[in-house]
Every structure is written in structure tokens, then in C-alpha cells.
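# Architecture and fold: a report
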Amino acid sequence: MVIGGGLAGMLAAWALRGYAERMVIVERDRYPERPAFRSGVPQARHAHLLLEAGHRALEALMPGVREELTAAGAVRVPISGVRWLSAAGWLATYESEVAFLSCTRPLLDHTVLRRVRGEPTVRWLENTDVVGLLGAPGEVTGVQVRARGDARAQVREVRAELVVDASGRTSSLPSWLTRLGCPPAAEERVDAGVSYVSRLYHRPAGPDPGFPALYLQTKAPDAPRLGVVLPVEDGRWIASVGSMRGAQAEPGAAGFDRQLRLLGGPSTRGVLAGDGADERKSVVTGKAGRHVRVSTIQQAS
Ligand SMILES: Cc1cc2nc3c(=O)[nH]c(=O)nc-3n(C[C@H](O)[C@H](O)[C@H](O)COP(=O)(O)OP(=O)(O)OC[C@H]3O[C@@H](n4cnc5c(N)ncnc54)[C@H](O)[C@@H]3O)c2cc1C
């Protein structure tokens, strides 16, 4: 039984093939038919990349997946070419075989989903919330599920020999365990107040901006902003601007533009705004969103 069918949940089920006779993934959302945003993964609107170790691990689990991703438009970016402004200044360019894979989260998640959908031992309960656990303090024996968002719907019990919680940062696991009679888990909340605004742009065929990706790191507290511009499928850039508490962007396109101006860096503006030099750099999708990231570190007492 896997709670949450995000990347971690789907990969957990995939990794358990051969160990479990039957698996059930319970997912709150209904998956889109094509790579598309869904509300259960709100961070998917922002820039994501798979670092070398990440795409190697994914490939080891699902041979051929990197080829599928690149065939669908994911871009292999050698780290040596990234234009990278660290707190200490621009990083030197150097020879390296290390590369990251860059594509939107919807494409990555959909590629993995397609693979897991083909696994006959996995059953799916979509549009369904897990609302609690079954069992006792010493043993979890299943989960309670209910149709999504309907507090009056009937709660059903689904028994399982192994339960994996992959419901992400909104996990209710600590309170579910307390309801089973476990002592409350110690919780430490670290909230740096980071928020992001992101937008997709056309990537023009030319002229070449001189680098495959751009990363402007924060230098808090003096420069509490960061920016990343990555090439993604369908000939686009995804640009995300992040800021620390007190420097957050107002939502919408105006907020994005203002953050970009405050971030500075002629290269960012040159690539995205085009300085009027290249009409083809027009904005295709105004996906300005806002996300506050809260890291929660939990320890069982
Ligand atoms: C702005 C930003 C940028 C990032 N960039 C990167 C990056 O470049 N590279 C990288 O590796 N990581 C990056 N991350 C981190 C990455 O997004 C997460 O680590 C990853 O998505 C976690 O996956 P997950 O499957 O554990 O959880 P989630 O993606 O949160 O998925 C949880 C799933 O569980 C479902 N769910 C939740 N509760 C229930 C319930 N009660 N019942 C049923 N279903 C439920 C949700 O609908 C969802 O599908 C970034 C994060 C942010 C915020």
C-alpha cells in the first residue's frame, strides 16, 4: 500500500515489484492523460532538474527512461557549461562529464507514470484521500480511504502488510500515528520563508545566449534572491525566481517582472526579456505562481 502517487510513491511501488504480490497506490488527484500540471504537486510549476546522481538512480530503476525523457524533449545540460553566479562570484567553467537532465516536472512525472501504469501488480485508487491508518502502536495493518474532498463520503478500510507513506510535505502521518495510540512525534519546523515565481518562455533558435542554463545563487542576507533559467521540452525556457522571507514577490506577472529586475544580472534579462532584440523571445505561458517551502524534520520519539 503506497500513500501518495507522486514521484516517490510511484518509484516506491516500482522498486517493490517482485517483493510484493499486489500493490495499491492511493492518490488524491486524478492523473492527467498527458504531461500536465495537477494540484497535488504544486511545486511542479517551478524549475526542476534531475542532477547526475538522480537520473542515474532513475535509470538504474527503470532502464531506458533517460532515453524516453530526451526523446520527449528533456535537455541534457553539461554542468561545465552552466553560467553560475555563486555567493563568491561567477564560477569558473571547467571540463566535466557530469550533466543534469532538464525538463518540466509534468513531463518527468508523466514518463514515470506511464511505466508504472504498465506494471500489472499495481492497482490505482485515484481521486481518493487516505484519511487514517489501521492497526495499533506496534503495527500498521492498512489505511482508511475516502473519496476525495467529500467529508460525508463513506470511509473504507484497505488492509495491507506493508504501508509506505509517500504523501510528501503535506503528510498527516504524525497525527495518524498519534490517533493509533503512538506517542506524539517530535517535530522541528524550519521555515526560511522561501517563495518562488516562475514563467515559461519560448527558447529562440538563435542567436545562442552562450550558455545552456543559468543559475544565480542567493547571497543572503544582502541579496535575498535567486534565479534559475533552464531549457525544457518544446523549445522553451523555464525561469524561476526565488526569494527569502521579507523579499517575497507579489503574485502574478507583475511580481515576476519586479523580482527579475531586482535580481539583476544582465544575462537573465538578456535571455528572457530579449531587450527588444529578438521578437521570438515572447512569453508563451504566464505561469507566475507562489510557493512557500516548509521543511519539516520529524523524529519518532
Ligand atoms: C520550487 C521547488 C523546486 C524544486 N526543485 C527540485 C529540483 O530541481 N530537483 C529535485 O530533485 N527536487 C526539487 N524539488 C523537490 C521536489 O519537488 C520534491 O522533493 C519531490 O516532488 C517530492 O516528491 P514526493 O513524491 O515525495 O512528494 P510530492 O511531490 O509532494 O507528492 C505527494 C503526492 O501524494 C499525494 N497525496 C498527498 N496526501 C495524500 C493523501 N492523504 N491521500 C492520497 N494522496 C495524497 C499528492 O496528491 C501527491 O501526488 C523542488 C521543490 C520546490 C518546492
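Our structure's up above, just so we're on the same page.
Model, not experiment: these values are computed from the prediction. (Residues numbered from 1 in each chain as written. Predicted model: local features only at pLDDT ≥ 70, side-chain atom pairs only at ≥ 80, totals over all residues. Heavy atoms only, no water.)

### Focus: the packing of helix 1 (residues 7-15) against helix 4 (residues 105-117)
The cut-off we apply is this: All axes are obtained by fitting lines to C-alpha atoms, using only the stretch in contact for helices, and the reported angles, taken between N-to-C directions, cover 0 to 180 degrees. Secondary structure follows DSSP: runs of H or I at least 4 residues long count as helices, runs of E at least 2 residues long count as strands, and numbering of each begins at the N terminus. Angles below 35 degrees are treated as roughly parallel, those above 145 as roughly antiparallel, those between 65 and 115 as roughly perpendicular, and all remaining angles as oblique. Crossing handedness is defined as follows: a turn of the near helix away from the far one that is anticlockwise and smaller than a right angle gives a left-handed crossing, while the clockwise case is right-handed. Whether two residues are in contact is decided by their heavy atoms: any pair within 4.5 Å suffices. Here the term charged refers only to Asp, Glu, Lys and Arg, the term nonpolar to Ala, Val, Leu, Ile, Met, Phe, Trp, Tyr, Cys and Pro, and the term polar to all other amino acids, Gly among them.
Look at helix 1 against helix 4: their axes get within 10 Å of each other, and the N-to-C directions meet at 25°. It follows that helix 1 is roughly parallel to helix 4 by the angle criterion. Of the two elements, helix 1 crosses helix 4, and the hand of that crossing is left-handed. Listed contacts from helix 4 to Leu 7, Met 10, Leu 11 and Trp 14 of helix 1 are Arg 105, Leu 108, Asp 109, Val 112, Leu 113, Arg 115 and Val 116. Its residues assigned to classes, the contact of helix 1 with helix 4 comprises eight nonpolar, no polar and three charged.

### A look at the site of the ligand
Definition in use: Residues are labelled near a given molecule or strand when at least one of their non-hydrogen atoms is within 4 Å of it. Distance and chemistry together define a polar contact, namely a pair of N or O atoms within 3.5 Å, with one atom able to donate a hydrogen and the other to accept it when in protein, and with adjacent residues in sequence counting only for side-chain atoms on both sides. With residues, only the protein chains shown are counted as cover, and all accessible areas are computed by Shrake-Rupley using a 1.4 Å probe.
As a structural note, the neighbourhood of the ligand is formed by 24 residues, with Glu 27, Gln 43, His 48, Leu 49 and Arg 105 the closest of them. The separation between an oxygen atom of the ligand and a polar side-chain atom of Gln 43 is 2.9 Å. Between the ligand and the protein, one listed contact pairs a nitrogen atom with a backbone N or O atom of Val 130 at 3.0 Å. Considered on its own, the ligand offers 1000 Å² of accessible surface; in the complex 79% of this is hidden by protein. Secondary-structure elements contributing two or more residues to the shell around the ligand are helix 1 and strand 9 (128-136). For the shell around the ligand, the element with the most residues is strand 9, which contributes three residues. Residues of the shell around the ligand, tallied by class, amount to nine nonpolar, 10 polar and five charged.

### Notes on the nonpolar core
We count it as follows: For the purposes of this section, nonpolar cores are sets of buried Ala, Val, Leu, Ile, Met, Phe, Trp, Tyr and Cys residues that join through side-chain atoms within 4.5 Å. Under the scheme applied here, a residue whose accessible area is under 20% of the maximum for its type counts as buried, over 50% as exposed, and between as partly exposed, the area being computed with a 1.4 Å probe on protein chains only. Annotation comment: domain bounds sourced from an automatic or database domain assignment.
By size, the foremost hydrophobic cluster in this structure holds 24 residues, and its most contacted members are Ile 25, Leu 58, Leu 69, Val 116 and Trp 124. Among the secondary structure elements, those contributing two or more residues to this core are helix 1, strand 2 (23-26), helix 3 (65-71), helix 4 and strand 8 (122-125). Top contributing element to this core by residue count: helix 4, with five residues. Residue contributions to this core reach at least three from each of two domains, namely domain 1 (1-47 + 105-184) and domain 2 (49-103 + 189-301). Contacts of Val 116, omitting those with residues within four sequence positions, involve Met 10, Trp 14, Ile 25, Met 62, Val 122 and Trp 124.

### Points about the sheet that holds strand 11 (residues 156-159)
The strands making up a sheet are joined through hydrogen bonds of the backbone, oriented either antiparallel or parallel. Here is the rule we go by: In this description, strands pair whenever DSSP reports at least two bridges between them.
The strand order 9-10-11 describes an open sheet built from three strands, whose pairing is antiparallel. In the strand order of this sheet, the two ends are held by strand 9 and strand 11, each with one partner. The mean angle between the axes of side-by-side strands here comes to 35°, regardless of whether they run parallel or antiparallel. In this sheet, strand 10 (residues 139-147) lies alongside strand 9 in antiparallel orientation, the contact comprising eight bridges. Residue pairing across strands places Val 130 opposite Val 145, the latter belonging to strand 10. Packed on one face of the sheet, helix 5 (residues 173-180) meets strand 9 and strand 10 and runs near 35° to strand 9.

### Here's the deal with the packing of aromatic side chains
Condition: Paired rings are identified among Phe, Tyr and Trp, the last through its six-membered ring, by centres lying within 6.5 Å, and are further divided according to the angle between planes into stacked (under 30 degrees), edge-to-face (over 60) and tilted (the rest).
If you walk through the whole model with that rule in mind, you get three aromatic pairs. Geometrically, the ring pair formed by Tyr 31 and Trp 124 is edge-to-face, given 5.5 Å between the ring centres and 90° between the ring planes. Of this pair, Tyr 31 sits in the loop between strand 2 and strand 3 (49-50) while Trp 124 sits in strand 8; the two residues are 93 residues apart in sequence, bridging distant segments of the chain. Like Trp 124, Tyr 31 is buried. Relative to Phe 256, the ring of Tyr 201 has its centre 6.3 Å away and its plane inclined at 40°; by these criteria the two rings are tilted. Here the residue Tyr 201 occupies a position in strand 14 (residues 195-202), and Phe 256 occupies one in helix 6 (residues 253-263), the gap between them amounting to 55 residues.

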